[in-house]
Amino acid sequence: MISPVAWVRGRLGERGAALALLALLLALAVVPLVAMPAARCEVFGSGCRATDPERRADPVAAATPAITPVEVATRGAYVALGDSYSAGVGAEATVGDQNPLDRCHRTSKAYYHEVSQAFRFAKGSAFWACSGATTDDVLDGRGGEPPQIGRVGRDTSLVTISIGGNDVGFSRVLAGCVVKLPWGRGCSGQGEEIARRMAGLRESLPALLAEITARAPEARVIVMSYPKAFSEVSGVDGDNITVPDQRWLNARAYELGGVIRQSVMEADARKVAGHRHGSVEFVDAFSAFAGHEVGSRDAYMNGLTLNLAALEAEPRSYHPTVAGQQALARLFVDQVKKGPGRALS
């Protein structure tokens, strides 16, 4: 039997056979480059489609949709912590809201209720804010109440909290502004003490946030500042607080918000730097009651109710009304939906 090579040589001669072999080799080299784009891409670097490096490296991970802020917040339990602004003091709507045996004065119109109903939390929700609480009280308990921090665990996916007002002694400051006794320091005379207390909060608040995030490492922790109480336009009827006093008090509330914001930003930055789950987020409530301050026609903040025997303001004084709590609830609901402004895992 004649081999193919011998047959070609017989038909074309030695030179023709060499040319035929050369043509075959060229075909073997060129055809894959034309017919197979991947090969052409590897050899010449052209004809390549843009490819996501992450998708090429891990197509399963790249195809997985990013988790939404609401999904992170609702996959576990919601726990509401904090002081009287979170407990709902000043927003009493039922007989039960005025129960003198309720040492924490949690009310049925506190913002917690609207937040808990706005979303479906996989492991339920719990309301543990307590009137009068400081950062230390959240950790250690107050008035026979167990520590609020004990309600936070690894299955907690959302924490809301307002805290800091009692640390800087705002109730006493307000009383000093209203009850201008001859031996009192009035409003601005208390500035040095407030500055000292805010410096203390600058240490105690980061410690509290660190404890919350340690107990609930995957939770979103949303921390609210305080709304300004006064319009700064005219004196507040019956409260004995002048316009300069209103401005001074609002400025201290703004300053307190700055301390809270800074602590929150630092806590979240530590999460990002450590590539950890969850977040720590700030809700700015300073202007939440704009146009509805104390003394306005449709106030979101209660005015002064003074305990003359004790020379101090009643707890509901300068606390949100039912409408005020609803305004705060909207801030929290919006923040839960919006997220921290960065990727969550």
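Residues numbered from 1 in each chain as written. Predicted model: local features only at pLDDT ≥ 70, side-chain atom pairs only at ≥ 80, totals over all residues. Heavy atoms only, no water.

## Quick notes on the overall build of the protein
In step 1: Helix and strand counts for the protein stand at 12 helices and 7 strands.
In step 2: Of all 345 residues assigned to the protein, the portion counted as buried reaches 43%.
In step 3: Counting only contacts in the protein whose residues sit at least 6 apart along the sequence, the fraction spanning at least 24 positions is 72%.
In step 4: Looking at the protein as shown, the accessible area adds up to about 18200 Å², and 56% of this sits on carbon and sulfur atoms. (Helix = DSSP H or I, 4+ residues; strand = E, 2+ residues; numbered from the N terminus. Buried < 20%, exposed > 50% of the residue type's maximum accessible area, 1.4 Å probe, protein only. Contact = heavy atoms within 4.5 Å. Areas by Shrake-Rupley, 256 points an atom, 1.4 Å probe, with all protein chains shown as cover.)

## Topic: the sheet that holds strand β2 (residues 125-127)
In step 1: With parallel pairing, 5 strands are arranged side by side in an open sheet as β2-β1-β3-β4-β5. Two strands lie at the open edges of the sheet, namely β2 and β5 (279-283), each paired on one side alone. The average undirected angle you get between the axes of adjacent strands in this sheet is 15°.
In step 2: Here 6 bridges tie strand β1 (residues 77-82) to strand β3 (residues 156-162), and the two strands are oriented parallel to one another. (Pairing = 2+ DSSP bridges. Axes fitted to C-alpha atoms, helices over the stretch in contact; angles between N-to-C directions.)

## What about the pairing of strand β4 (residues 220-224)?
In step 1: Most of β4 is tucked away: 5 of the 5 residues are buried.
In step 2: With 5 bridges joining them, β3 and β4 adopt parallel strand pairing. Counted as the bridge partner of I161 is V223 from β4.
In step 3: Pairing of β4 with β5 involves 5 bridges; the strand directions are parallel. What sits directly across from V221, in β5, is V280.

## So, the state of the cysteines
In step 1: Counted under the stated rule, the structure contains 1 disulfide.
In step 2: In this model C104 forms its disulfide with C130; the gap between the sulfur atoms is 2.0 Å. The chirality of the disulfide connecting C104 with C130 is left-handed, given an S-S dihedral of about -80°. Placement of C104 in the loop between α6 (84-87) and α7 (111-118) and of C130 in the loop between β2 and α8 (135-140) is noted, with a sequence separation of 26 residues between them. (Disulfide = S-S within 2.5 Å.)

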